[in-house]
Amino acid sequence: MTNRTDETRWATTLYSFTNELMSGSATPDELVGEVVESGVATAVEVDGAQHFPTFPDISADDAARTRDAYALAGATPTMLGIYADIRIDRRGPRSPDEQREFVLRQLEAAATVGFFGARVGLGALAPDLVVSLVPDLERLGVRLLEEVQGGARPDSPAIDRHRELRSRLGTDALGFVFDSSLVMAGFPVTWRESLLASGATDRLLDATEELWREGGKDAWSRVRELAEPHALSSAALRRLEMPFRRFGCSSVGEWAEFLAETDSVHLKYWDLEDDDERVSAPTRAIRKTLASAGYTGYICSEWGGHDWLEADTNSAFDMTRRHRDLFDPCAPVVEEHPAG
């Protein structure tokens, strides 16, 4: 027989609440409490750069305040989004020791708050730096999880490097986050609508989608050429480039082996326009694969459509609640086996 995973397995990230954070109506710590009080999730992930006003410096006092805010709200901390910063300015790039210290401060903050993992972009940290951090990760009880998203492929050299390090070092302190932006069925409806309102045409967007699916290295250059007659604003051009940076069109089946070893999952979505199941169909496939692998980690709702949808018409509270309603029937299940 089967049963649903525990309530704390469903999570959300304050990244979904970017518009609310930018409004300044509540501090990031206060927003954690509002998320829990609203009932959309009790497990909450945060992004270091968004959450801590002194970032990249995260003091012990700031981390402790966030820990206390979680405790007061009855929230469960999940992951802290961290960053590598090579510092390109008049001082020159950070030295290896400075880079290590920069990342270590973030890991220490994660441990103080109680996050089980620190999430970083795939390949953002040099292998030598990762190796040097493993003793600290094990001491702090924090896992360093590389997030695989967007247009990455299962045979990415960065994935193989991370696997090799984990195997060679014999540690559980290293792992992966799977982001469902890897397996989008098509462009988000409201993304298209926002570009049409900015002067793009259906013909341009159809050509963009065709080039995106083909996956050629020069795809974005070709799209830029096609877009020139439309005189799009710089903001519209940045949005038009999103498919080649943040949208992936591989299939869930291609990621089956990876999903069997992933440590956390971001259910990334951009809107909830799902008449053709472009949102829910990939997630059902993810659910089936995770269930087969016996996955029991967090399923984190992550809304990225705040890039073009405003809070007054699409509040993150409403979007996250609707996302939960849409995907709850697809939530991974845990197999129960009789004793003995």
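Scroll up to find the structure this text is about.
Residues numbered from 1 in each chain as written. Predicted model: local features only at pLDDT ≥ 70, side-chain atom pairs only at ≥ 80, totals over all residues. Heavy atoms only, no water.

Undergrad: Explain empty space enclosed by the protein residue by residue, including any values.
TA: Under the counting rule described, the total for this entry stands at 2 cavities of 30 Å³ or more. The calculated volume of the largest cavity comes to roughly 190 Å³. Mapped by element, the contributors of at least two residues to the lining of the largest cavity are strand 8 (264-269), helix 13 (280-293) and helix 14 (316-327). By residue class, the composition of the lining of the largest cavity is 10 nonpolar, 4 polar and 3 charged. (1 Å grid on protein atoms, 1.4 Å probe; cavity = no way out; pocket = protein on both sides within 12 Å on 5 of 7 lines; lining within 4 Å. Points joined across faces, edges and corners; volume = space filled by probe spheres on them. Helix = DSSP H or I, 4+ residues; strand = E, 2+ residues; numbered from the N terminus. Nonpolar A, V, L, I, M, F, W, Y, C, P; charged D, E, K, R; others polar.)

Undergrad: Describe helix 10 (residues 219-227), naming the residues involved and giving the relevant values.
TA: Within helix 10 the residues assigned to the buried category are Ala-219, Trp-220, Val-223 and Ala-227. For helix 10, the buried positions fall inside an angular range of 90° around the axis, keeping them on one side. In this structure, the buried side of helix 10 is in contact with helix 9 (202-214) and helix 11 (234-241). (Buried < 20%, exposed > 50% of the residue type's maximum accessible area, 1.4 Å probe, protein only. Arc of directions from axis to C-beta. Contact = heavy atoms within 4.5 Å.)

Undergrad: Can you lay out the environment of Phe-55 for me, pointing to particular residues and giving the numbers?
TA: With respect to the element layout, Phe-55 can be found in the loop between helix 3 (48-51) and helix 4 (60-73). Counting along the chain gives 125 residues from Phe-55 to Ser-180, while the straight-line C-alpha distance between them is 28 Å. Among all residues touching Phe-55, those that are not within four sequence positions of it are Gly-48, Ala-49, Tyr-83, Phe-102 and Gln-106.

Undergrad: Can you tell me about the pairing of strand 6 (residues 143-148), naming the residues and giving the values?
TA: Of all 6 residues in strand 6, 5 are buried, a share of seventy percent or more. Taken together, the 5 bridges between strand 5 (residues 117-121) and strand 6 define a ladder with parallel strand orientation. Across the sheet, the residue bridging to Val-120 is Glu-146, located in strand 6. Taking the sense of rotation as the criterion, the β-α-β connection linking strand 5, helix 6 (residues 127-140) and strand 6 turns out right-handed. In terms of strand pairing, strand 6 meets strand 7 (residues 174-179) through 5 bridges, oriented parallel. (Pairing = 2+ DSSP bridges. Right-handed = clockwise from strand over helix to strand, strands pointing away.)

Function cannot be read off these values alone, since they describe shape.
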